[in-house]
Amino acid sequence: MSAFLSCHSGGASGAASAPPLRLSRAQLDAVPRGVHRPRFDPAALRPGILHLGCGSFHRAHQAFLTQQAIEAEHSAAASGQRHARPPAWGIVAASLMTPGTVQALAPQDGLYTVLERGPGEVRASIVGSLSRLVFVPDEPLALGQTFADPALRIVTLTITASGYFQDPLTGRLDAQHASVQQDLRLAQPATAIGVLVEGLRQRRARGFPAPVVLSCDNLPSNGQRLRQACIDFAALRDDRLAAWIAGQVQFPSTMVDRIVPVTTAQDREQAARTLGLVDAAPVSAELFSQWVIEHFEGERPRWDAVGAQYVPDVGPWESSKLRLLNGGHLAIACLGLLAGCATVADAMALPGFSAYALRFMLDEQKPTLPPSDHDIHAYARQLLARWRSRGIAHQLERVARDASTKLDSRLLASLRDNRQAGRPAPCTVLAIAAWMRCAACLNDAGEPIELTDPLHETLRRAAAGTQANPARMVDAFLGIKAVFGEDLPGNDSLRRSLTRAVSLLQQRGARGAVMACVAGTLLDGDE
Ligand code: CS2
């Protein structure tokens, strides 16, 4: 596996004035020994997987583990045969909306560096599992060719919640969504769901078996959601296709976990120093990585040989990850942004934030988890250590991105459970109030916060003019049905709790409010 390294400088060419060369297959031999290189010939790798949404998370998680799985299988098969071909699990990595990653990776033959940051150490590995890169708008026919290859056996996706176009209240595809409507008019669809359904249509038309489709997004029951989105989309075109998808395509749910911050100029500099080559698209990640996959039938890379777990029901893993990790992240992000912090580690270093996060996880999220034998206390302690890790500069603005689509599964689902059980949840209420305050895009010191959100305009309108009046502000936000549904806006006790929390944030700032919450002076409901 990856070797530990100490960074060094210098270009591969050796000539002081020559510009450093770019990472590519031709330069692999020039990479220093301390850096892990693919243990197979990336040029000989034939594709077997299509990935939609080629962002940093995919490259630091599924593509990285797939490389290790290929190596595990290849070294077993190749012992004694020097020229054995690597198993056909190369990834066709497709970006649907932004060309940046594909453009950066193309001159590098798809190769890039993963910098795994642990306490006081960085491991560098070059990943060669991306066998083809596609920016879909530039190559509209490329994915058709991929689906037409019977060697395609698995499709994976990281498209975020907003890529599913699902009505949060019904869980069904929002057929009126402008992107869905546009896809229905196009011969070559542009959305991930449209592309996937079109690819499945072609498989059916050719009489090929359907690939297994694995959602790798942080959503509850992500496999079922993706299945429903595909069936609903297909039904808008052809009921028989919808029935075939329902009957023939497996959509196992998965839980994916690895903290992957946005790549920075420092990451690129570190990759260049380490490799002696320019890598325009390295990714930085924590050492921790987890992948839990629901059982399915069919071929797959040896993911289980490199740490992935197959289980009959992903539910317990998914709930604790969404509610403790992602919910905790969102709470820390909203409060940390108001407090003027840039990263998760910065926020976790503020007084009271660790105690707040622990209370949020153990007192408010843990009681809402499905029964399991998982050690949730150990999980929560491990999360605190992961969040405090100084090596990982995980931007709060990135965690809070698209927060309106994350609130439901990370904070509101447990809030509903807690209210039903009569359990107060002041930490959760404070996090939601902080999210409302963040929508005004100013922190406690009056400095700007940069947030992107599909409901940006709606949020801005709710925040406009209500800043001075917490009760009006809470009413304006609770009225957003796409976030709070039909039930929560009418809940007077919640309205009062949120109003108290917004007032507290106004008066004492996020730092003071967190301290008050930890001290037990922020009340929720009629406790
Ligand atoms: C984060 C996740 O941005 C977010 O919503 O909570 O990206 C988180 O870092 C990953 O899910 C960790 O596996």
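This text follows the structure it describes.
Residues numbered from 1 in each chain as written. Predicted model: local features only at pLDDT ≥ 70, side-chain atom pairs only at ≥ 80, totals over all residues. Heavy atoms only, no water.

Undergrad: How would you summarise unusual backbone geometry if you had to cite specific residues and measurements?
TA: One non-glycine residue, D109, lies in the positive phi region at around 55 degrees. Checked against the element boundaries, D109 lands in the loop between α3 (100-105) and β3 (112-118). With a relative accessible area of 30%, D109 lands in the partly exposed category. The phi dihedral of D402 is positive, around 55 degrees, even though this residue is not glycine. Tracing the backbone through its elements, the reader meets D402 in the loop between α14 (396-399) and α15 (403-420). (Helix = DSSP H or I, 4+ residues; strand = E, 2+ residues; numbered from the N terminus. Buried < 20%, exposed > 50% of the residue type's maximum accessible area, 1.4 Å probe, protein only.)

Undergrad: Lay out the sheet that holds strand β7 (residues 212-215) in plain terms, naming residues and giving numbers.
TA: Taking strand neighbours across the sheet as the criterion, the five strands line up as β5-β2-β1-β6-β7 in an open arrangement whose pairing is parallel. Looking at the sheet topology across the chains shown, the edges are occupied by β5 (130-135) and β7. Across the sheet, the mean angle separating the axes of adjacent strands is 20 degrees when strand polarity is ignored. As paired strands, strand β1 (residues 47-52) and strand β6 (residues 154-157) are joined by four bridges and run parallel to one another. Considered in β6, the bridge of L52 is made with L157. (Pairing = 2+ DSSP bridges. Axes fitted to C-alpha atoms, helices over the stretch in contact; angles between N-to-C directions.)

Undergrad: Quick rundown of the packing of aromatic side chains? Include the residues and the values.
TA: For the structure on display, the rule yields five aromatic pairs. On the basis of an interplanar angle of 50 degrees and a centroid distance of 4.6 Å, the ring pair of W291 and W303 is categorised as tilted. Placement of W291 in strand β10 (residues 290-294) and of W303 in the loop between β10 and β11 (309-311) is noted, with a sequence separation of twelve residues between them. Aromatic side chains F296 and Y310 sit 6.1 Å apart centroid to centroid with 70 degrees between the ring planes, which places their arrangement in the edge-to-face category. One end of the pair, F296, is in the loop between β10 and β11; the other, Y310, is in strand β11, with 14 residues separating them in the sequence. (Phe/Tyr/Trp six-rings, centres within 6.5 Å; stacked < 30°, edge-to-face > 60°.)

Undergrad: Before we move on, can you summarise the site of the ligand with the specific residues and values?
TA: With respect to spatial proximity, the complete set of residues near the ligand consists of N218, D257, R258, I259, K321, N326, H329, H394, V399, K406 and R410. Within the side chain of K321, one N or O atom sits 2.5 Å away from an oxygen atom of the ligand. Protein burial of the ligand: of its 340 Å² of free accessible surface, 89% is covered by the chains. Elements supplying a minimum of two residues to the shell around the ligand: α10 (315-338) and α15. Here the shell around the ligand takes three residues from α10, the largest share from any one element. A breakdown of the residues in the shell around the ligand according to their chemical character gives two nonpolar, four polar and five charged. Both domains that furnish three or more residues to the shell around the ligand are identified here as domain 1 (25-311) and domain 2 (315-519). (Near = heavy atom within 4 Å. Polar contact = N/O pair within 3.5 Å; in protein donor to acceptor, adjacent residues only side chain to side chain. Areas by Shrake-Rupley, 256 points an atom, 1.4 Å probe, with all protein chains shown as cover. Nonpolar A, V, L, I, M, F, W, Y, C, P; charged D, E, K, R; others polar. Domains from an automatic or database assignment.)

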